[in-house]
Amino acid sequence: MRAVVVDAVRGQPEVRDVPEPTAPPHGVVVQVMATGLCRSDWHAWAGHDEIVLPHVPGHELAGVVVAVGAGVRRWRTGDRVTVPFVCGCGRCGWCRSGNAQVCPQQEQPGFTHWGSFAEYVALHGADTNLVAVPEHVDFATAAGLGCRFATAYRALADRARVTEGEWVTVVGAGGVGLSAVMIARALGGRVIAVDRSPEALAVAGELGAEHTLRADGADIPGAVAELTGGGSHVAVDAVGHEQTCTDAVLSLRRRGRHVQIGLLPPVEGHPRVPMARVIGWELDVLGSHGMAAADYPAMMSLIEQGVLQPQRLIERTIGLDEAAALLPVFDAATVAGMTMIDPAL
């Protein structure tokens, strides 16, 4: 099969032929119909995650089951499926309680094993982790759910528990940030979007952001406090940088809730977070690490009803060759939505 292969940390990825995967016990092989290019893929390429080289990236995907391993009960060849980027073992107490997203034995395509920047991908724990894709939901839309959209949904609906009329500040308007804007608005929140890119902010406005702020050195927390009469009830760092995390936390009102979605790898030492404000104002600091397959039905229902429209977040679709060229510079790319990869292109 054709796949994007990384041979060295920060090396130039290349597309080449590699052996097709085989279905692991309790797992499946999926023909990849669509897969997303995400900042998390760049983190792995840059060496911020432990990966075994040579490596095939890719963790957001949707496709068709083409092989079923021993022990799988719920899935057959031909099934249309997607999967959370965190695949739980299905046996531990966390998985049995519906919290596979924090499974200690978790597998992650594109991180713990070869991922979906390829024509086929092997997935583990199929009965625990696969999610059926309805016929009227296209593969590109379904692929975008696995990391960015589902992470944002759980961050706002289950972690921060946004309610009608609350102010929500979203720092970063890439794929996950724009997902957060759409979801917060659907939950009844009043949204402020923050980003460096005017194009991304324009999309955020189209998706329901009531205000947009350009992150060009301005006092973001001060601007948010003025717009909201004291600060947001909820803030989201959808980038994963010391400055964006700080701006999000300092944008909160007293007893507000901060959700960290963007990864904060200790590249230059552990990032500093304004904990004095967290303590003095009794702020809640929450993490969101994807969403277990068990929690997908509520989100899927809102998509089927048209309340959530993740297809609007797809900015472009590219092939494997273009993905290989884009991955090393994706941290600096100007994006106003999600980049999808079609391995058939």
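Residues numbered from 1 in each chain as written. Predicted model: local features only at pLDDT ≥ 70, side-chain atom pairs only at ≥ 80, totals over all residues. Heavy atoms only, no water.

- Naming follows an unreviewed UniProt entry, where the chain appears as Zinc-dependent alcohol dehydrogenase family protein of Kocuria aegyptia.
- The Sequence similarities (unreviewed entry) comment attached to the chain in UniProt states, word for word, "Belongs to the zinc-containing alcohol dehydrogenase family." (UniProt positions renumbered as here; feature names shortened; annotations may be inferred.)

1. Some words on the overall build of the chain
1) Next: Counting secondary structure elements, the chain contains 12 helices and 15 strands.
2) Next: Here the C-alpha atoms of the chain give a radius of gyration of 19 Å, agreeing with the 20 Å that 2.2 N^0.38 yields for 345 residues.
3) Next: The principal-axis extent of the C-alpha atoms belonging to the chain is close to 55 × 40 × 35 Å.
4) Next: Put simply, the chain has 345 residues, and 55% of those count as buried.
5) Next: Pairs at least 24 apart in sequence give 69% of the contacts found in the chain among residues at least 6 apart. (Helix = DSSP H or I, 4+ residues; strand = E, 2+ residues; numbered from the N terminus. Rg over C-alpha atoms; globule rule 2.2 N^0.38 Å. Buried < 20%, exposed > 50% of the residue type's maximum accessible area, 1.4 Å probe, protein only. Contact = heavy atoms within 4.5 Å.)

2. Description of the nonpolar core
1) Next: Of all hydrophobic cores here, the largest spans 53 residues; its most connected members are Phe-149, Leu-156, Val-181, Tyr-296, Met-299 and Leu-308.
2) Next: Those residues within four positions of Tyr-296 in sequence are excluded, and the remaining contacts are Val-83, Pro-84, Val-131, Leu-145, Gly-146, Ala-150 and Met-291. (Core = buried A, V, L, I, M, F, W, Y, C linked by side-chain atoms within 4.5 Å.)

3. Focus: the pattern of salt bridges
1) Next: For the coordinates displayed, the defined rule picks out 10 salt bridges.
2) Next: Arg-148 is paired through a salt bridge with Glu-60; the nearest N and O atoms lie 2.5 Å apart. Taken together, the positions of Arg-148 in helix H5 (residues 145-159) and Glu-60 in strand S4 (residues 60-68) put the pair 88 residues apart, joining distant regions of the chain. For the residue pair Arg-148 and Glu-60, the accessibility class agrees, reading buried in each case.
3) Next: The network of salt bridges with common partners includes Asp-7, Glu-14 and Arg-16. (Salt bridge = Lys/Arg side-chain N within 4 Å of Asp/Glu carboxyl O.)

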